[in-house]
Amino acid sequence: MAKKILQWLMVLVAFMVLTACGGGGGNSGDKNSTQQNTTQQTQNKKTITGYVIDDPVVGATIEVYDANGTLLTKEENATDSSGKFSLDINKNTVYPFVIKATGGLTNGSKFNSTMYSLC
């Protein structure tokens, strides 16, 4: 029961600690936020880079949705051992968009929560 309460608390904190995307450059390296995202534009794409952290969430599925709720991209097993991901979307995608992270492992255990970030 305490584990379930802790998981819901982490989801609530994850929802509250959202980091907005910047217009260019990389990420600041601040891993204290739950999910940190940046965008960088090149030719016909924007690259979204960020971290999924509860402790690092390894192998999470990342989905990106536009403001209308349309799925723009989805990548399974997108996060590395530090929780970092990098995805490309069309450069004409208009802000805001939502990044959703699900699944993966944290500290070797299945991560059963969903995290969102608004860009």
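A brief report on the enclosed structure follows. (Residues numbered from 1 in each chain as written. Predicted model: local features only at pLDDT ≥ 70, side-chain atom pairs only at ≥ 80, totals over all residues. Heavy atoms only, no water.)

1. Details of the environment of L105
With respect to the helices and strands, L105 occurs in strand β7 (residues 105–106). Relative accessible area serves as the criterion here: at 41%, L105 is assigned to the partly exposed category. Sequence spacing of L105 and A60 is 45 residues, and the spatial spacing of their C-alpha atoms is 7.3 Å. (Helix = DSSP H or I, 4+ residues; strand = E, 2+ residues; numbered from the N terminus. Buried < 20%, exposed > 50% of the residue type's maximum accessible area, 1.4 Å probe, protein only.)

2. Thoughts on the nonpolar core
By size, the foremost hydrophobic cluster in this structure holds 16 residues, and its most contacted members are I48, V52, I62, V64, F85, F97 and I99. When contributions to this core are tallied by element, the ones reaching two or more residues are β2 (45–52), β3 (61–66), β5 (84–90) and β6 (97–102). (Core = buried A, V, L, I, M, F, W, Y, C linked by side-chain atoms within 4.5 Å.)

3. Focus: the sheet that holds β3
What the 4 strands build is an open sheet, ordered β4-β3-β6-β9; its pairing is antiparallel. If you trace the sheet from one side to the other, it starts and ends with β4 (71–75) and β9 (114–118), each paired once. Taking each pair of neighbouring strands and ignoring which way they run, the sheet shows an average axis angle of 15°. Looking at chain direction, β3 and β4 are connected through 4 bridges and run antiparallel. Bridged to Y65 within β4 is L71. (Pairing = 2+ DSSP bridges. Axes fitted to C-alpha atoms, helices over the stretch in contact; angles between N-to-C directions.)

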